[in-house]
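Secondary and tertiary structure notes
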Amino acid sequence: MIKWAGWIITLCGTAHTLGALTVEKAARHAGTWFSGGLWSEDFADMSPAGSAYWLSLDSFGIPLVLIGLTVLWLDRRGITPPAFIAWTLGAGPSSTP
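About the thresholds
Residues numbered from 1 in each chain as written. Predicted model: local features only at pLDDT ≥ 70, side-chain atom pairs only at ≥ 80, totals over all residues. Heavy atoms only, no water. Axes fitted to C-alpha atoms, helices over the stretch in contact; angles between N-to-C directions. Helix = DSSP H or I, 4+ residues; strand = E, 2+ residues; numbered from the N terminus. Parallel < 35°, antiparallel > 145°, perpendicular 65-115°, else oblique. Left-handed = near helix turned anticlockwise from the far one by under 90°. Contact = heavy atoms within 4.5 Å. Nonpolar A, V, L, I, M, F, W, Y, C, P; charged D, E, K, R; others polar. 1 Å grid on protein atoms, 1.4 Å probe; cavity = no way out; pocket = protein on both sides within 12 Å on 5 of 7 lines; lining within 4 Å. Points joined across faces, edges and corners; volume = space filled by probe spheres on them.

**Here's the deal with the packing of helix α1 (residues 2-22) against helix α4 (residues 61-76)**
Helices that pack against each other are described as a pair by the angle of their axes relative to one another and the distance between those axes. Their axes nearest at 7 Å, the elements α1 and α4 cross at an angle of 160°. Relative to α4, the element α1 is oriented roughly antiparallel. The handedness of the crossing between α1 and α4 is left-handed. Of the residues in α4, those in contact with I2, K3, G6, W7, I9, T10, C12, G13, T14, H16 and T17 of α1 are G61, I62, L64, V65, I67, G68, L69, V71, L72 and D75. Residues that form the contact of α1 with α4 fall into these classes: 11 nonpolar, eight polar and two charged.

Next up, the structure:
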């Protein structure tokens, strides 16, 4: 069960990040991201490049991949992941009103 959970978490994070970069075409704004074009941006008046950045690279996808890989790493060593990992994922920003 732990191995399945780790793979599912990793898959969800990877799918979200790659989907945002490819299907949603967020990667077309990479030039703006890496040239410093977002430094002076205001959150109240977000540009398409800023929205694409928050949807793809600065979303929950990459941390989700890291959590999934950590769960898999723990499982390979015979260590049961601590309960706070599941509780943190369950109480994350998507479940708050």
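**A few points about the layout of surface pockets**
Reported here for the second largest pocket is a volume of approximately 180 Å³. If you trace the second largest pocket, you find it lined by W33, F34, L38, E41, F43, G50, Y53, W54 and L57. Among the elements of the structure, α2 (30-34) and α3 (48-55) are those that each provide at least two residues to the lining of the second largest pocket. With three residues, the single largest contributor to the lining of the second largest pocket is α3.

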